[in-house]
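This is what each chain is made of:
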Amino acid sequence: MNSSGAHEVRTEPKRRQVSAPERGPNAAVRLRDVALPSYHLVWVTALLLLIAGLCMMLSVSVATTVAGGDKFVYVRQQGVTAAVGLVALLLFTRVDYRKMRAFSVIFLALVALSLVVVHIPGASRSEGGSSSWIPLGPLTFQPSEFAKLAVILAGAHLLSSPRLRKGDFASYMWPFGVVGLGMCGLVILEGDLGTAVIIAGLLLGVLWIGGMRGSQWLAVAGAGVVGALAFTFSSSERMSRVLSFLNPSADPQGTSFQLSQSLVAMGRGGWFGVGPGGSVQKFQYLPQAHTDMIYAILGEEFGLLGAGLVIVLFGLFALACWQLARRCADPMGRHMIAGCGMLVTLQAVVNIGGVTGALPLAGVPLPFISYGRNSLVVMLIAVGLVLAIAKRAPARPVPVQAERYGNVTHIDRRRRDGRARGARPGTR
Amino acid sequence: MAGNRDRPPALGYGGVGVPDTVHRVLVLGASRSGLAAAQVLAGMDLQVTLSDRRDAESLAGLEAARRSGVQFVREDTLAEDWPQADLVVKSPGVPEEAAPVVRARAFGVPVWSELELAYALFPNPFDAVTGTNGKTTTTALLGHLFATAGRPARVLGNIGVAVTSVAGDIRPHEELVVEVSSFQLEDIHAFRPAVGIFLNLTPDHLDRHGSMERYLACKANLFASQRAGDVAVLNLADPAVAALGIELSGRPGGPRVAFFSVDAPGTVLTATPGSWVDAGWMFLEGEPILPLSGIQLPGRHNLENCLAAGTAALARGVDREAVAEGLHTFAGVAHRLEKAGTIAGVTYVNDSKATNVEATLTALKAYPEGTHLILGGRDKASDYRPVARACARGCRAVYLIGEATSLMEAAFAEVREREGVRGPEIQAAGDLETAVRAAAKAAGAGDVVLLAPACASFDQYRNFEERGEHFRTIVEQLAREAS
């Protein structure tokens, strides 16, 4: 076509414009702007899990009619809780997380105090072997659930404060580490081992993110593991209960009753489940079907597909939190996002692991899904916190490459547009 | 601890007064700070002798001092007629090697800098700012932060007001924000700033200090008397300053070291900064305080100044909101990259405060293209080749004034020949007015005429302020002629 320039035919590099934000290097970028997909993923996955939970509540509520109960008993309660929790979530998204520094310490003190109050006879109510509730009029308050949030908030504040700059062991452990371990001990005394494990895990996670030196962290973690093992093996009853997951069929009517019933439920579910509401195991076979064991019923009714989908949703939630934390330039915000992400993920792993027999059955609720007013509110507040930080925290922008070439010409360009490497006019 | 004098233990800081044993004081150097010190001491019923190398006639403000009872002698007469002083107060302009200083030391007479005298007189907390470049901006900014927070504070020192001159009208608990040059740090003994800021260390004043080691030792003096509860604000991005800070943080009973850095944490592995710049935000003491777009001061060096002043203000208990507002509203200091006017599209920039090579290089970074640069003044034994290299990049022309002209020409010629850099046209203009007029004639619309002399002003002016004022008046004249 262009006959005169035949020898000039060369492939023009096709420039695909990578959306470079038109801002100077001094522009302040918010976390939500650089990680919009992650921001939306956080609330979308939480909401989907919440809806799944409400569906499961509808299903297990029916089972109470056998004992003469109301067929909407759980779903009604959980619905009200979800509404309250969502309002709390929206309120927390409007709070400037930086103003929570002072609040976090007060909150930690209040929670620690109420964990002590639980142990005062008469002030608490016990249920299912552990006395973790404080009755407040028609409601019950479970301090150990809020202790998780307190560990995250206080940890984010204390581990990003100037006094930690020297990075010595003492400033990590006091007051944060010691108060956290104290709370852990109080929860163990309640008899709620599962929650204690979660709090201990959060404590270690927050210390890790807070930048504790590896050797010191290993020392703390090792001490924790040794303590937990010592506590477990100090009573044969505890030991057999914890170890029953290794061989669930050894004592199906005794220590491994729950686990074997749970495995029966999952087995009935198969690939695609017995269908919504079709669970048999929820009818008094599986104790705690509406709380800690809800995942077994989910597996029974929706099969591997449904149960796998729930795991995928939790995975996406964790991934989104990780992305947000990674990009967050503010240390306190980063610690808080990571802590909230860990709270949900850790609890999901411990619960699902326990129900499926991969881990010892610890007795913690499945986030967003299990019945439990305190738990659900705390989880939704955690989501609110993540969103609040993402809206306000300064973010590291994604490293932008100025241009990318859609074809392979960039390889040629290194060789001076198709000529041999280093070719230049000969010397005279 | 450096405090070998008795002082009441309840009083944390200075204000213990001049020792009772002192009756006769010799003040060396009748400049701004020497005059102020002499007058204050005379007001305390001490016998004060003021001396200077110059004649009494050429010294402004001497009359007022004489009226308050100060006796003036020329410095060369001190050799025959030593005033038997119990204390020597030294102005920053007097070198360590000056005959009276050497003699006083030989006699075992204590030599104080004016700063030490101020510390002995005022019980107020001192916030001292030092470093090679950015002192004035940081000092003014810290004063502005206190003002924004509604805290009483005075901005003193090198910035223009002698520290001792405020004796009498100072309220207790008023913060004294002092710009301190290394000369004033040569003879401090008990001086203990509540906050000491050390911005950076580049070769400057080498003619006076001899070597970088001694220069650093001078600057490090600032923190020598600091104790637990005091704060040392140090630049982690400057290797020499960072090394000093790491040593300081290991000192038992020493000050809290608050590092700041323009780089995000993690880039420097030796220590963690408490204040830094990351992701378009300024972080002070671990928390974001305001986006960089909210700061009016231009350039990366000014970010360091903002970090330092902000960290210091927080250490003195100013609340974060006030610091953020102050950083946002601060617009800069006179004679420091200050726009003097625009005539026919040509911008005239007064950076008379650029009295060393580093500062001139910083100014050239702020105005890299189409610059007509005015250089020169009194040489400070600097190496001008970096300026010559920087000029080759975007300067239209260079105009040389003052004593340093020949040295500058030599540096430019050397860079041109040795390194093959074809620099801009160089013109020896002699004085500032000729230089500005020549530049105005040569400059076209969009160009910048920049006074960033890289030298001291003492050959033709009393100080850099006078040089800057002169530049401003010339620009005003040009504007009048143009209209």
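All of these numbers come straight from a predicted model, not from anything done at the bench.

**Regarding the overall build of chain A**
1) Next: The helix and strand inventory of chain A stands at 14 helices and five strands.
2) Next: Looking at chain A as a whole, 43% of its 428 residues qualify as buried.
3) Next: Residue pairs at least 24 apart in sequence account for 71% of intrachain contacts in chain A once pairs closer than 6 positions are excluded.

**Considerations on the overall build of chain B**
1) Next: The secondary structure content of chain B amounts to 15 helices and 20 strands.
2) Next: Radius of gyration (C-alpha) of chain B: 23 Å, near the 23 Å computed for a compact globule of 483 residues.
3) Next: With respect to the principal axes defined by its C-alpha atoms, chain B has extents near 65 × 55 × 45 Å.
4) Next: For chain B, the residues scored as buried account for 54% of the 483 residues in total.
5) Next: Nonlocal contacts in chain B, meaning residues at least 24 apart in sequence, comprise 71% of its contacts between residues at least 6 apart.

**Section: the environment of Ala-366 of chain B**
Residues and elements named next belong to chain B.
1) Next: Here Ala-366 is to be found in helix H11 (residues 357–366).
2) Next: For the pair Ala-366 and Pro-193, spaced 173 residues apart in the sequence, the C-alpha separation amounts to 33 Å.
3) Next: Residues within four places of Ala-366 in sequence aside, it is in contact with Pro-298, Gly-299 and Leu-337.

**Structural notes on the confidence of the model for chain A**
All names here are of chain A.
1) Next: With 84% of its residues at a pLDDT of 70 or more, chain A has an overall mean of 83.
2) Next: Within chain A, helix H11 (residues 294–327) carries the highest mean pLDDT (95), whereas strand E1 (residues 15–16) carries the lowest (43).
3) Next: pLDDT under 50 marks residues 8–25. Its contacts with residues more than four places away, or in other chains, come to 19 contacts.
4) Next: The low-confidence segment residues 401–407 (pLDDT under 50) makes 13 contacts with residues lying over four places distant or belonging to another chain.

**Concerning the sheet that holds strand E20 (residues 448–451) of chain B**
All names here are of chain B.
1) Next: Here we have six strands laid out as an open sheet, ordered E15-E16-E20-E17-E18-E19, and mixed in their pairing. The strands lining the two open edges of the sheet, one partner per strand, are strand E15 (338–343) and strand E19 (425–430). Neighbour to neighbour, the strand axes of the sheet diverge by 20° on average, direction disregarded.
2) Next: Of the strand pairs in this sheet, strand E17 (residues 371–376) and E20 are connected by four bridges, and their pairing is parallel. Each bridged residue has a counterpart across the sheet, and for Leu-373 the counterpart in E20 is Leu-450.

**Re the interface of chain B and chain A**
1) Next: Counting residues at the interface gives 13 residues for chain B and 17 residues for chain A.
2) Next: The biggest single contributor to the side of chain B that touches chain A is strand E14 (residues 287–291) of chain B, with three residues.

**Describing the pairing of E20 of chain B**
Residues and elements named next belong to chain B.
1) Next: Here E20 shows no split at all, with Val-448 and Leu-450 on one side and Val-449 and Leu-451 on the other all buried.
2) Next: Where strand E16 (residues 346–350) and E20 come together, four bridges link them in parallel fashion. When the sheet's bridge partners are listed, Thr-347 is paired in E20 with Val-448.

**So, the packing of helix H5 (residues 143–158) of chain A against helix H12 (residues 331–355) of chain A**
All names here are of chain A.
1) Next: H12 packs onto H5 with a crossing angle of 160° between their chain directions and a minimal axis gap of 8 Å. When the axes of H5 and H12 are compared, the pair comes out roughly antiparallel. Remark: the crossing between H5 and H12 carries right-handed chirality. Across from Lys-148, Ile-152, Leu-153, Gly-155, Ala-156 and His-157 in H5, the residues of H12 making contact are Met-332, His-335, Met-336, Gly-339, Cys-340 and Leu-343.
2) Next: Residue composition of the contact of H5 with H12, grouped by class: seven nonpolar, four polar and one charged.

**Overview of the confidence of the model for chain B**
1) Next: Per-chain confidence: chain B averages 86 in pLDDT, with 95% of residues scoring 70 or above.
2) Next: Least confident of the elements in chain B is helix H6 (residues 206–209) of chain B, whose mean pLDDT is 60; most confident is strand E9 (residues 195–198) of chain B, at 95.

**Observations regarding the nonpolar core**
1) Next: If you look at the biggest cluster of nonpolar residues, it comprises 220 residues, and the most contacted ones within it are Ile-199, Leu-324, Val-386 and Ile-389 of chain A.
2) Next: Among the elements that make up this core, the one with the highest residue count is H11 of chain A (15 residues).
3) Next: Two domains share this core, each providing at least three of its residues, namely domain 1 (24–109) and domain 2 (118–329) of chain B.
4) Next: Excluding its chain neighbours within four sequence positions, the residues that come into contact with Val-386 of chain A are Val-42, Cys-321, Leu-324, Ile-337 and Cys-340 of chain A.

**Points about the sheet that holds strand E5 (residues 111–113) of chain B**
Residues and elements named next belong to chain B.
1) Next: Taken in spatial order, the five strands make up an open sheet running E3-E2-E1-E4-E5, and their pairing is parallel. Every interior strand has two partners, whereas the edge strands, strand E3 (71–74) and E5, have only one. The mean angle between the axes of side-by-side strands here comes to 25°, regardless of whether they run parallel or antiparallel.
2) Next: Bridge count between strand E4 (residues 87–90) and E5: three bridges; the pairing is parallel.

**Side note on the domain arrangement of chain B**
1) Next: Taken domain by domain, chain B holds domain 1 (24–109), domain 2 (118–329) and domain 3 (338–482).
2) Next: Measuring from the centre of the C-alpha atoms in domain 1 of chain B to the corresponding centre in domain 3 of chain B gives 36 Å.

**What about helix H12 (residues 385–394) of chain B?**
Residues and elements named next belong to chain B.
1) Next: Within H12, burial applies to Val-387, Ala-388, Ala-390 and Cys-391. Along the long axis of H12, the arc covered by the buried residues comes to 165°, so they all point the same way.
2) Next: Lining the buried residues of H12 we find H11, E17, strand E18 (395–401) and helix H13 (405–419).

Reading the values: rules and limits
Residues numbered from 1 in each chain as written. Chains lettered and ligands numbered in written order. Predicted model: local features only at pLDDT ≥ 70, side-chain atom pairs only at ≥ 80, totals over all residues. Helix = DSSP H or I, 4+ residues; strand = E, 2+ residues; numbered from the N terminus. Buried ≥ 20, exposed ≤ 12 C-beta atoms within 10 Å, placed from the backbone. Contact = placed C-beta atoms within 7 Å. Rg over C-alpha atoms; globule rule 2.2 N^0.38 Å. pLDDT = per-residue confidence, 0-100. Pairing = 2+ DSSP bridges. Axes fitted to C-alpha atoms, helices over the stretch in contact; angles between N-to-C directions. Parallel < 35°, antiparallel > 145°, perpendicular 65-115°, else oblique. Left-handed = near helix turned anticlockwise from the far one by under 90°. Nonpolar A, V, L, I, M, F, W, Y, C, P; charged D, E, K, R; others polar. Core = buried A, V, L, I, M, F, W, Y, C linked by C-beta atoms within 7 Å. Domains from an automatic or database assignment. Arc of directions from axis to C-beta.

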